[in-house]
Amino acid sequence: MNQFTDRKYVFAVIIVVVGLVYIARLFHIQVLDKSYEQFAISNAQSVRIIYPARGLIFDRNGEMMVYNQAAYDIMITPRQLETFDTTEICRILDITREDVKERIRSAKSYSYRVPSVFMKQVTYENAAVLQEKLFQYPGFYVQTRTLRKYTRPVASHALGYVGEVDQRILDKDSYYQMGDYIGVSGIEKAYESYLRGQKGQNVFLKDVHNQTIESYQGGRLDRSVEVGKNLVSTLDAELQEYGELLMKPYIGSVVALEPATGEVLALVSAPTYPPDLLVGRSLGLRFGELASDTLNPLFNRALMAQYPPGSTFKTIMGLIGLQEKVITESTEQYCYYGFYVGNIHTGCHLHETPLNLIEAVQHSCNTYFIQTLKSILQDAKFESTAEAYSNWREHLLSFGFTNPLGIELTNELDGNIPDAGYFNRIYGENHWNYLTVRSLAIGQGELLITPLQMANMTAILANRGYYITPHLIREIEGIDQIDPGLSTRNYTSIDSSNFGPIVDGMELVVNGGPGSTARNAKINDIIVCGKTGTAENPHGNDHSIFIAFAPKDNPKIAIAVYVENQGFGTTYAAPIASLMIEKYLNREVKRTWYEDWVMGKIPPVVKSTKPSNDTIETKVDSRGQIP
Amino acid sequence: MDRRNNTFANIDWLSILLWLVILSYGWMNIYSANIMEAEGGIFDFSQRFGKQIIWIGATIILAVLLLMLDAKIYTYFAYILYIIMVVVLMGVLVFGTEVNGAKSWFVIGGFQFQPSEFAKPITALALAKLLTSHTFEMKRITDLLKALVVIFIPPALILLQPDMGSTLVYFAFIFVLFREGFSANIMLLLAALIFLFFTTLVVDNAFVLLILVSGGLLIYAIVAKSSKKTVLIGAWTAVTFGALYGINRLTNSEFPLFTLGLVSLIPITLVLFIKGLQSRMYKHLKILAGVVIAVLFMISVDYAINNILKPHQQHRIYVTLGIEDDPQGVGYNVNQSKIAIGSGGFKGKGYLNGTQTKLHFVPEQSTDFIFCTVGEEWGFLGTTFVILLYLGLLLRMIFLAERQRSAFSRIFGYSFVSIIFIHFLVNIGMTIGILPVIGIPLPFFSYGGSSLWAFSMFLFIFLRLDASRLEILN
């Protein structure tokens, strides 16, 4: 024993204290702090995503419209990059050295650990060359993706396009990851959840060199890939193509529906663009070009353009008059070149007089329907004009004019029918009457509806009283029934018995004797019922409008044609509608000379010098105040 | 008399049991850390766990041999072994093979052999021999210097290899000197300087200065028993500092607080020094000197870190101290090591089920970072078990060392305790991110033949000495 024997306690204490400190530290990092487990998982797991092929889209006749083509994205994971031969990469991918640096920098700014796209959609040949040399480029890999391809360059607005997800979507939906594709518009967007399928994943165990070792936990986290569902569209690809062909020289829209089902047969918005313009790399290059085009080809006029319905609206005026029992089929009105009260004058054209309701539709008499509006608004059932007006408006609401009809496409707009309050605000309560709003009777003034709503109105006439929400998809692979809302009938407030005289008038519009407004829409063997319209356009030439359905009994097609700045309805809109009907019902068009006319190969010939059947001139002060 | 001569009756079997448990548990973890590459069974000798089995087998034979040798030979041959070892350490610098940037290996046949590992027990023998010589007196400076020379010749040679980790281990012998009577005050001073060293790195200099000055004043107040003078000195210092601070602000100069503090201390220091000399108040002068030395030390540490160390060395120190964060760079190893251990949780992922260690996320996963495998696969239970094993072994060794009649055996025993403790402290401390990454193995646990042999030699020489504790050895 020596004098320093007590110093053994110093040793013991130091050793025990260090041991306890270490145990406390281990308790902290192993038991209390759970974050290390997450780090360990992200360290050792390598997730390989398997992208499903997007669903195909067929037309109503089973013709394929949209399919897929493989594309190759070069991906990089910045953390795994090692120095590599830039010259060779540049040569394979045909890019500059600065480009390579820039692309790597942008990938790094996104994430070091998560792979991002180095170069999108390289050709199969380039991808194959790179794939072979990939072992020289740690951090690089080739990702196979699919791009949309189209059998016919048509229906861009209906089909929509597919683009890369943006930050907004990434924040909202965890399914998507940077670089994923998503339907941006049209059917691609509306049916994204079916078309995209379900991404699969294989989770591997990887080591520090990022080499995969084996399936992680025996594949417990793996998910098999589900291919996207195929869709059968209601569109008739051939009719769609034909419609786009006819509308090529014009600005406007053609919407064709199957009245009994609400199925959209054709949805044409002109001018348009070929759908493959907005695919893959071309999307980035060309989108700006399309967006800045002054004719606005990206604008879906069929759903978003709000036009006055013009004289086509007279059919609805007649229906409301009958429903309110203020007129009957045999009610007659005199008309001598127009409607006159005091110094208020709305012109009309030369036609025999008096006319009953059927004849008034046939000849599109302005006076008749202004008188009808007068009867409706001065109906003794109501205490005031405003009250009668509101009742009139209620009828229109049941036609779906004031709200989007609910087609699958998200960019559909509503129409506009001002309410009584609107006129109260402008003119003051009880300071307006039928004369003030008389242009509504002939589809002008504040009235605005979209071509889709106009086509739907035509379908209501064809169905004699109801419509089914227009839609673009009739079948989804593997789903028994699509939205039941797409097979229920929406009845209007007009009894079906009231449709007879209006439909008869529409028949005569096309098939009547001299003075009928659209005899040029007549097709042999098919009874086409139609109605012309010409919308006044304060900014230029009037718009040419035509609605029609055929055949008269058990109609198969209802169509609305709107051609901007082309004058009378009868000039271009009626022939276009007629050709579309012929194409759809007969599958071939015999009147090729008529096609030439529409497509401008024959210069339009002015057939007669008499004023057209549905011009309107208003000679009063524009406020329409009662003198 | 029988008992005195019968080594195996007097052997400490508890130590041997602890040694065997650590050895086997270590091997199990080496096996787990290398299982991914293995194709044959556990006797796949191309693998580390296969090789380690050979090493363990050889070690047991070595242990038996050491126990059978006469205890007296160690005292006889201590210096001779030491000289041979110094020659070998010089030889390795010339003829050695470079592995991982350090020329510390002899390669003979298929086997690698690292002489610096064996230098530890042999240095302990030489130190024990020196300290037990009849003329040795710890308080005599020349004797102390002799001891320090014996201790620091091997690490000086090892530093030339260069192997920083093994060199630092030799500082553990200071503890042995402490046990044998080295001044406790100097030990405290050393501890204080080490503490001040780290505080300087971690805490703002101005704050450390404030603490030092306040501490000096407090001691002065106690020693001089005059609160009046204390307040006077404190107030003077504060006023000087306030004035300098004001001038600094008004002139928009941007001198740091630390500089202002230092300058404001100069006049008061000179005055106190002169007054102290005049009135021969040596006690007070000592306090003043203490504060001045501490401040100078702090300045030189700061200077050394910022101007002498290379940027990557500074960085490594700062990352370890938690001042800087760098999970991808210098901190990568520590970060991965903490992830592996932390992800084990309370019960661990199960034996052979670790991912971090096997997939090479953790560097050196069977040598320096073997503790990660324990942490990941056996969880908190496993790591605590390992720590308790070492605590048990170390405390048992202190007990054994203290029961020696012979100072030689005791010094050798304490050498073993100190060396094993420093390895335990640094190795585990580094894997859990408390200490900087210094690559030294966990004794008996890490893969490696040389270290296993050397530590086992160390242990069994001591156990042999302990078995002969009833004899007088000198």
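Nothing here was measured: the structure is a model prediction, and the numbers come from that model. (Residues numbered from 1 in each chain as written. Chains lettered and ligands numbered in written order. Predicted model: local features only at pLDDT ≥ 70, side-chain atom pairs only at ≥ 80, totals over all residues. Heavy atoms only, no water.)

**Looking at the overall build of chain A**
Phase 1 of the analysis: A tally of helices and strands in chain A yields 21 helices and 20 strands.
Phase 2 of the analysis: The C-alpha atoms of chain A give a radius of gyration of 34 Å, which is well past the 25 Å a tight globule of 627 residues would have.
Phase 3 of the analysis: Overall, the C-alpha framework of chain A stretches about 140 × 60 × 45 Å when taken along its three principal axes.
Phase 4 of the analysis: The 627 residues of chain A split such that 56% are buried.
Phase 5 of the analysis: Of the contacts made within chain A by residues no fewer than 6 positions apart, 71% connect residues no fewer than 24 positions apart.
Phase 6 of the analysis: Just so you have it, chain A exposes about 27300 Å², and 51% of that area is on carbon and sulfur atoms.
Phase 7 of the analysis: Each charge class in chain A can be summarised by its mean position, and for the 58 positive and 69 negative side chains these summaries are 6 Å apart. (Helix = DSSP H or I, 4+ residues; strand = E, 2+ residues; numbered from the N terminus. Rg over C-alpha atoms; globule rule 2.2 N^0.38 Å. Buried < 20%, exposed > 50% of the residue type's maximum accessible area, 1.4 Å probe, protein only. Contact = heavy atoms within 4.5 Å. Areas by Shrake-Rupley, 256 points an atom, 1.4 Å probe, with all protein chains shown as cover. Lys, Arg positive; Asp, Glu negative; His and termini not counted. Charge placed at Lys NZ, Arg CZ, Asp CG, Glu CD.)

**Remarks on the interface of chain B and chain A**
Phase 1 of the analysis: In this assembly, 50 residues from chain B lie in contact with 35 residues from chain A.
Phase 2 of the analysis: Roughly 3700 Å² is buried in total at the junction of chain B and chain A, and carbon and sulfur atoms are behind 73% of that figure.
Phase 3 of the analysis: Linking chain B to chain A there are zero salt bridges.
Phase 4 of the analysis: Our count for the contact surface shared by chain B and chain A stands at eleven residue pairs in polar contact (both at pLDDT 80 or more).
Phase 5 of the analysis: Among the elements of the structure, helix H9 (173-179), helix H16 (332-342), helix H17 (370-402) and helix H18 (407-431) of chain B are those that each provide at least two residues to the side of chain B that touches chain A.
Phase 6 of the analysis: For the side of chain B that touches chain A, the element with the highest residue contribution is H17(B), accounting for 13 residues. (Buried area = accessible area lost by both parts, 1.4 Å probe. Salt bridge = Lys/Arg side-chain N within 4 Å of Asp/Glu carboxyl O. Polar contact = N/O pair within 3.5 Å; in protein donor to acceptor, adjacent residues only side chain to side chain.)

**What about the pattern of salt bridges?**
Side chains carrying opposite charge are able to pair once their charged atoms draw close together.
All names here are of chain A.
Phase 1 of the analysis: Here the structure, examined in full by the defined rule, presents 34 salt bridges over all chains.
Phase 2 of the analysis: A salt bridge links Arg152 to Glu63, with the shortest nitrogen-to-oxygen separation between them at 2.6 Å. Here the residue Arg152 occupies a position in the loop between strand E5 (140-150) and helix H6 (156-159), and Glu63 occupies one in the loop between strand E2 (57-58) and strand E3 (64-76), the gap between them amounting to 89 residues.
Phase 3 of the analysis: In the salt-bridge network here, residues are joined through shared partners; they are Arg54, Arg148, Glu188 and Glu192.

**Some thoughts on the pairing of strand E19 (residues 543-550) of chain A**
All names here are of chain A.
Phase 1 of the analysis: The element E19 is extensively covered by neighbouring structure, given that eight of its eight residues are classed as buried.
Phase 2 of the analysis: Pairing of E19 with strand E20 (residues 557-563) involves seven bridges; the strand directions are antiparallel. In the strand pairing of E20, Ala550 is matched with Ile557.
Phase 3 of the analysis: Counting the residues that bridge the hairpin from E19 to E20 gives six residues, and of these Asn554 lies at a positive phi of roughly 50°. (Pairing = 2+ DSSP bridges.)

**As for the sheet that holds strand E3 (residues 111-113) of chain B**
Residue and element names in this part refer to chain B.
Phase 1 of the analysis: Spatial strand order, E1-E2-E3: three strands in an open sheet with antiparallel pairing. On the outer flanks of this sheet lie strand E1 (97-99) and E3, each paired with one strand and no other. Averaged over all pairs of adjacent strands, the angle between their axes in this sheet comes to 50°, without regard to strand direction.
Phase 2 of the analysis: Taken together, the three bridges between strand E2 (residues 102-108) and E3 define a ladder with antiparallel strand orientation. What sits directly across from Val107, in E3, is Gln112.
Phase 3 of the analysis: In the packing of helix H5 (residues 72-95) onto the sheet, the strands contacted are E1 and E2, and the crossing angle to E2 comes to about 95°. (Axes fitted to C-alpha atoms, helices over the stretch in contact; angles between N-to-C directions.)

**A few points about the packing of helix H4 (residues 48-68) of chain B against helix H19 (residues 449-467) of chain B**
What describes two packed helices is the angle between their axes and the distance between those same axes.
Residues and elements named next belong to chain B.
Phase 1 of the analysis: Remark: H4 packs on H19, axes separated minimally by 9 Å, with the N-to-C direction vectors making an angle of 20°. When the interaxial angle is binned, H4 and H19 end up roughly parallel. For the pair H4 and H19, the crossing hand works out as right-handed. Across the interface between the two elements, Gln52, Trp55, Ile56, Ala58, Thr59, Leu62, Ala63, Leu66 and Leu67 of H4 pack against Gly449, Leu452, Trp453, Ser456, Met457, Phe460, Ile461, Leu463 and Arg464 of H19. (Parallel < 35°, antiparallel > 145°, perpendicular 65-115°, else oblique. Left-handed = near helix turned anticlockwise from the far one by under 90°.)

**Observations regarding the domain arrangement of chain B**
Phase 1 of the analysis: Each domain of chain B was delimited in the assignment, giving domain 1 (2-182 + 322-467) and domain 2 (190-308).
Phase 2 of the analysis: Averaged C-alpha coordinates put domain 1 of chain B and domain 2 of chain B at centres separated by 43 Å. (Domains from an automatic or database assignment.)

**Brief notes about the sheet that holds E19(A)**
Residue and element names in this part refer to chain A.
Phase 1 of the analysis: The sheet built from five strands is open, its strands ordered E12-E11-E20-E19-E18 with antiparallel pairing. For this open sheet the edge positions go to strand E12 (263-270) and strand E18 (529-535), each flanked by a neighbour on one side alone. Between one strand axis and the next, the sheet turns by 5° as a mean value, whatever way the strands run.
Phase 2 of the analysis: Each of strand E11 (252-258), E12 and E20 touches helix H10 (residues 237-247); the most contacted strand, E12, lies at about 25° to it.
Phase 3 of the analysis: Strands in contact with helix H20 (residues 573-586) are E11, E12, E19 and E20; relative to E20, the strand with the most contacts, it is inclined by about 150°.

**Observations concerning the environment of A:Leu461**
All names here are of chain A.
Phase 1 of the analysis: Structurally, Leu461 is set in helix H18 (residues 451-463).
Phase 2 of the analysis: For Leu461, a relative accessible area of 0% puts it in the buried group.
Phase 3 of the analysis: Measuring from C-alpha to C-alpha, the distance between Leu461 and Tyr422 comes to 29 Å, with 39 residues separating the pair along the chain.
Phase 4 of the analysis: The residues touching Leu461, leaving out its near neighbours within four places in the chain, are Thr315, Leu319, Phe499, Ile502, Val503, Met506, Ile547 and Phe549.

**A few points about the packing of aromatic side chains**
Phase 1 of the analysis: Summed over the entire model, instances satisfying the criterion amount to 45 aromatic pairs over all chains.
Phase 2 of the analysis: On the basis of an interplanar angle of 65° and a centroid distance of 6.2 Å, the ring pair of A:Phe11 and B:Phe175 is categorised as edge-to-face. In this pair, A:Phe11 sits in helix H1 (residues 7-32) while B:Phe175 sits in helix H9, so the two residues belong to two different chains.
Phase 3 of the analysis: For A:Phe11, a relative accessible area of 7% gives the class buried.
Phase 4 of the analysis: Ring centres of B:Tyr25 and B:Phe445 lie 5.8 Å apart, and the angle between their planes is 85°; this geometry places the pair in the edge-to-face category. Taken together, the residues B:Tyr25 in helix H3 (residues 13-34) and B:Phe445 in the loop between H18 and H19 connect sequence positions 420 residues apart.
Phase 5 of the analysis: Exposure remark for B:Tyr25: the relative accessible area of 7% places this residue in the buried category.
Phase 6 of the analysis: Above the face of the A:Tyr175 ring, A:Lys199 is positioned so that its terminal group lies 4.7 Å from the ring centre. (Phe/Tyr/Trp six-rings, centres within 6.5 Å; stacked < 30°, edge-to-face > 60°. Lys NZ or Arg CZ within 6 Å of the ring centre and 35° of its normal.)

**Side note on helix H17 (residues 420-427) of chain A**
Residues and elements named next belong to chain A.
Phase 1 of the analysis: Looking only at H17, the buried set comprises Ala420, Phe423, Asn424 and Tyr427. Along the axis of H17, the buried residues cluster in a sector spanning 105°; they form a single face.
Phase 2 of the analysis: Phi turns positive, to about 90°, at Gly428, one or two residues after H17. (Arc of directions from axis to C-beta.)

**Focus: the side chain of B:Thr167**
All names here are of chain B.
Phase 1 of the analysis: Of note, Thr167 is situated in helix H8 (residues 164-169).
Phase 2 of the analysis: Judged by relative accessible area, Thr167 falls into the buried class, the value being 10%.
Phase 3 of the analysis: One polar contact links the side chain of Thr167 to the main-chain carbonyl oxygen of Asp163, over a distance of 2.7 Å.

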